[in-house]
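# Working through the structure, step by step
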Amino acid sequence: MTSPQNRRPGSGRRTHRDRHGRGLRGRLVPATVPLARTKAEVFDDLVLDTVETLERRFAKELAGVEFAVEDVPPDLNVYDSDVLEDGEVPLARLLPGRPGRQEVPPRIVLYRRPLEFRAMDREDLADLVHDVIIEQVANLLGVDPDELA
């Protein structure tokens, strides 16, 4: 055991070292670099930006509408008319609400992977997400998509 006279000056606190003699680990990401975000988080932000813009303009009409993101569409043989497709692949789906005792609000579901696959870059994905949401909201409200854009 070392006596207080043999300690190095300024070493009032004990440093912890791992079994290899290295000190504590620092930040994993430099302070100048933003932390990495997953593709799903970026996609969710794009959806949220478009939905917030629409809700500011059409707050009354979109008051009870739910927006959701799923990775891939469900595996169905035939899709109804409420599904926005590109060829045979669904991009989004509008689930109309059901009034009554067990009221179910209308819901617009976007499928992340098919939309990401069709986009060249993030700007293209943002435009595609915006267009798909506009198309689905217009279908829900029964208006022309050009009126919402």
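Preceding block: the structure.
Now for a description of the structure that goes with this document. (Residues numbered from 1 in each chain as written. Predicted model: local features only at pLDDT ≥ 70, side-chain atom pairs only at ≥ 80, totals over all residues. Heavy atoms only, no water.)

### Brief notes about the overall build of the chain
Counted only if it meets this: Each helix is a run of H or I in the DSSP string that is no shorter than four residues. Each strand is a run of E no shorter than two, and both are numbered from the N terminus. When a residue's accessible area, from a 1.4 Å probe over protein chains only, is under 20% of the maximum for its type it is buried; when over 50% it is exposed; and in between it is partly exposed. Per-residue accessibility takes into account occlusion by the displayed protein chains alone, with areas from the Shrake-Rupley method and a 1.4 Å probe.
A tally of regular secondary structure across the chain gives four helices and four strands. Listed N to C, the secondary structure of the chain is α-β-β-β-β-α-α-α in terms of helices and strands. Within the span of the chain, comprising 149 residues, buried residues form 26% of the whole. A total accessible area of about 11,500 Å² is found for the chain, and carbon and sulfur atoms account for 49% of it.

### Describing the pattern of salt bridges
Test applied: What makes a salt bridge here is a side-chain nitrogen of Lys or Arg within 4 Å of a carboxyl oxygen of Asp or Glu, nothing more.
Summed over all chains, the structure comprises five salt bridges. We note a salt bridge from D45 to R37, for which the minimum N-O separation is 2.5 Å. Residue classification places D45 among the partly exposed residues on the basis of a relative accessible area of 27%. Accessibility expressed as a relative area gives 46% for R37, which makes it partly exposed. Connected via shared salt-bridge partners are R37, E41 and D45.

### Here we look at helix α3 (residues 122–141)
Each full turn of the α-helix corresponds to 3.6 residues, which orients residues three or four apart in the same direction. Which entries qualify depends on this criterion: Take the residue count of a helix, subtract one, and multiply by 1.5 Å to get its expected span.
With 20 residues, α3 ought to run about 28 Å at 1.5 Å a step, and its terminal C-alpha atoms sit 28 Å apart, in line with that. Along α3, the residues that are buried comprise L125, V129, V132, I133, I134, Q136, V137 and A138. Positive phi appears at G142, one or two residues downstream of α3, with a value of about 75°.

### Concerning the sheet that holds strand β1 (residues 66–70)
To summarise the sheet geometry, strands pair through backbone hydrogen bonds and adopt either a parallel or an antiparallel arrangement. Heads up, the condition is: For two strands to be treated as a pair, DSSP must find no fewer than two bridges joining them. The axes are straight lines fitted to the C-alpha atoms, using for helices just the contacting stretch, and the angles between their N-to-C directions are given from 0 to 180°. Residues are treated as being in contact if the distance between any of their heavy atoms lies within 4.5 Å.
Spatial ordering of the open sheet is given by β1-β4-β3-β2, a layout of four strands whose pairing is mixed. Whereas interior strands pair on both sides, the edge strands pair on one side only; in this sheet they are β1 and β2 (83–86). Neighbour to neighbour, the strand axes of the sheet diverge by 15° on average, direction disregarded. Contacts between α3 and the sheet are confined to β1, β2, β3 (89–95) and β4 (107–111), with β3 contributing the most and set at about 40° to the helix.

### Regarding the pairing of β2
One ladder, built from four bridges, connects β2 with β3; its direction is antiparallel. Paired with V83 across the two strands is R93, which belongs to β3. Between the antiparallel neighbours β2 and β3 lie two residues, among them G87 with a positive phi of about 70°.

### Let's talk about helix α1 (residues 39–57)
In a regular helix each residue adds 1.5 Å, so 19 residues correspond to 27 Å; α1 covers 28 Å between its end C-alpha atoms and thus fits that length. Listing the buried residues of α1 in full gives V42, F43, L46, V47, T50, V51 and L54. On the buried face of α1, the contacting elements are β1, β4, α2 (112–118), α3 and α4 (145–148).

### Overview of the nonpolar core
Rules: Buried residues of nine kinds, namely Ala, Val, Leu, Ile, Met, Phe, Trp, Tyr and Cys, make up a nonpolar core once their side-chain atoms join them within 4.5 Å.
In terms of nonpolar packing, the biggest core is built from 23 residues, with L110, V129 and I133 touching the most fellow members. Broken down by secondary-structure element, the contributors of at least two residues to this core are α1, β3, β4 and α3. Tallying contributions element by element places α3 first for this core, with seven residues. Non-local contacts of V129, meaning those with residues more than four positions away in its chain, are made with F43, L46, V47 and L110.

### Side note on the packing of α1 against α3
To keep things clear, this is the line we draw: If an angle is under 35 degrees, it is roughly parallel; if it is over 145, roughly antiparallel; if it lies from 65 to 115, roughly perpendicular; otherwise it is oblique. Each helix crossing is assigned a hand: it is left-handed if the near helix lies turned anticlockwise from the far helix by less than a right angle, otherwise right-handed if that turn is clockwise.
Between α1 and α3, whose axes approach to 10 Å, the crossing angle comes to 45°. Judged on the interaxial angle alone, α3 and α1 are oblique. In the packing of α1 onto α3, the handedness of the crossing is right-handed. Listed contacts from α3 to V42, F43, L46, V47, T50, V51 and L54 of α1 are R122, L125, A126, V129, H130, I133, I134 and V137.

Shape descriptors only; they carry no functional weight alone.
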